[in-house]
Amino acid sequence: MKTTTENRSKTVTTVAARIAGEDIAKGDYVTILSEIIELPSYLWSCSGISQPIDELVRLRYLPNAAGEPHKVVAVCLPFVYAKRPKGNLIAFDTRQQQLVRLDRDNGRSLWKQMGKTTKKKTK
């Protein structure tokens, strides 16, 4: 049995793909999916069990900048250096930040649009 669907709109949905640090290349558009923060276990009083004082508690959270496109300018693992639409550089640590690669066309378009809106605000 064959099933077909009719696409009436011209919009195409793309999905950002998780990417390992060694697969990131100069010119890619990436964004942060999640970050890991580490806290000393003695600050973690929410646990019903006691943990060794020198053990770190790792938490994964979604940062406010998740979804903001960045253009990769250099990779020196575990660090990825990228340019923000505003023009300044940022360094990602792939040990603490999970990056996703954006579709090239969408990434480029978003990056340019975000750069334009930022430049207009500064005038």
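Located above this text is the structure these notes cover.
Reading the values: rules and limits
- Residues take numbers from 1 onward in each chain, read along the sequence in its written order.
- The model is predicted, so local features are restricted to residues of pLDDT at least 70 and side-chain atom pairs to those at 80 or more, both for listing and for counting; the totals for chains, interfaces and linings are taken over all residues.
- Excluding hydrogens and water, the side-chain values take into account all heavy atoms of the structure.
- Per the convention used, a helix needs a DSSP run of H or I reaching at least four residues, while a strand needs a run of E reaching at least two, with both numbered from the N terminus.
- Accessible area is worked out with a 1.4 Å probe on protein chains only. A residue is then buried under 20% of its type maximum, exposed over 50%, and partly exposed in between.
- Two residues qualify as a contact provided that any one of their heavy atoms is within 4.5 Å of a heavy atom in the partner residue.
- In this description, accessible areas are obtained by the Shrake-Rupley approach with a 1.4 Å probe, and a residue is regarded as covered only by the protein chains that are shown.
- Definition of a polar contact: a pair of N or O atoms within 3.5 Å, with one able to donate and the other able to accept a hydrogen when the atoms are protein atoms, and with sequence-neighbouring residues admitted only if both atoms are side-chain atoms.
- A patch consists of residues exposed above 30% relative accessible area that lack any salt bridge, with like charges linked at up to 9 Å and nonpolar side chains (Val, Leu, Ile, Met, Phe, Trp, Tyr) linked at up to 5 Å.
- Any carboxyl oxygen of Asp or Glu that lies within 4 Å of a side-chain nitrogen of Lys or Arg is treated as forming a salt bridge with it.
- Any two strands with at least two DSSP-identified bridges between them are counted as paired.
- Throughout, nonpolar core names a set of buried Ala, Val, Leu, Ile, Met, Phe, Trp, Tyr and Cys residues whose side chains join them through atoms within 4.5 Å.

1. What about the overall build of the chain?
For the chain, the count of helices and strands is one helix and seven strands. Helices (α) and strands (β) of the chain occur, in sequence order from the N terminus, as β-β-β-β-β-β-β-α. Classification of the 123 residues of the chain by burial places 25% in the buried group. Sequence-distant contacts in the chain: of pairs separated by 6 or more residues, those separated by 24 or more amount to 60%. Accessible surface for the chain amounts to roughly 9300 Å². Of this, 53% is attributable to carbon and sulfur atoms.

2. Notes on the side chain of Asp-28
By secondary structure assignment, the location of Asp-28 is in the loop between β1 (17–18) and β2 (29–40). Given the relative accessible area of 7%, Asp-28 is considered buried. At 2.9 Å, the side chain of Asp-28 and the backbone nitrogen of Ala-25 are in polar contact. For Asp-28, the contacting residues outside a window of four places in its chain are Ile-19, Asp-23, His-70, Lys-71, Val-72, Arg-101 and Arg-104.

3. Focus on a nonpolar patch on the surface
Taken together, Val-73, Phe-79, Tyr-81 and Leu-89 make up a surface patch of nonpolar side chains, about 340 Å² in accessible area. With respect to the element layout, Phe-79 can be found in strand β5 (residues 79–83). With relative accessibility at 30%, the residue Phe-79 sits in the partly exposed group.

4. Re the pairing of β5
Of the two faces of β5, the one holding Val-80 and Ala-82 is buried and the one holding Phe-79, Tyr-81 and Lys-83 is not buried anywhere. Sheet topology note: the strand β4 (residues 70–76)/β5 ladder contains five bridges and is antiparallel. In the strand pairing of β5, Val-72 is matched with Ala-82. Linkage of β4 to β5, two consecutive antiparallel strands, is achieved through a turn of two residues.

5. Brief notes about unusual backbone geometry
Residue Leu-77 is joined to Pro-78 through a cis peptide bond whose omega torsion reads 10°. Mapped onto the secondary structure, Pro-78 falls in the loop between β4 and β5.

6. Points about the nonpolar core
Core analysis: the biggest nonpolar cluster contains ten residues, these being Ile-19, Ile-24, Val-30, Ile-32, Val-72, Val-80, Ala-82, Ile-90, Phe-92 and Leu-99. The set of elements that each furnish at least two residues to this core consists of β2, β5 and β6 (89–93). What Val-72 contacts, discounting residues up to four positions off in sequence, is Ile-24, Ala-25, Lys-26, Gly-27, Asp-28, Val-30, Val-80, Tyr-81 and Ala-82.

7. Thoughts on the pattern of salt bridges
Overall, the coordinates contain five salt bridges when judged by the stated rule. We note a salt bridge from Asp-28 to Arg-101, for which the minimum N-O separation is 3.4 Å. With Asp-28 in the loop between β1 and β2 and Arg-101 in strand β7 (residues 97–101), the pair connects residues that are 73 residues apart, well separated along the chain. In this structure, Arg-58 engages Glu-38 in a salt bridge whose closest nitrogen and oxygen atoms are separated by 2.9 Å. Placement of Arg-58 in strand β3 (residues 56–61) and of Glu-38 in strand β2 is noted, with a sequence separation of 20 residues between them. The class for Arg-58 is exposed, based on a relative accessible area of 55%. Where salt bridges share partners, they join Asp-28, Arg-101 and Arg-104 into one cluster.

These figures come from the coordinates and say nothing about function on their own.
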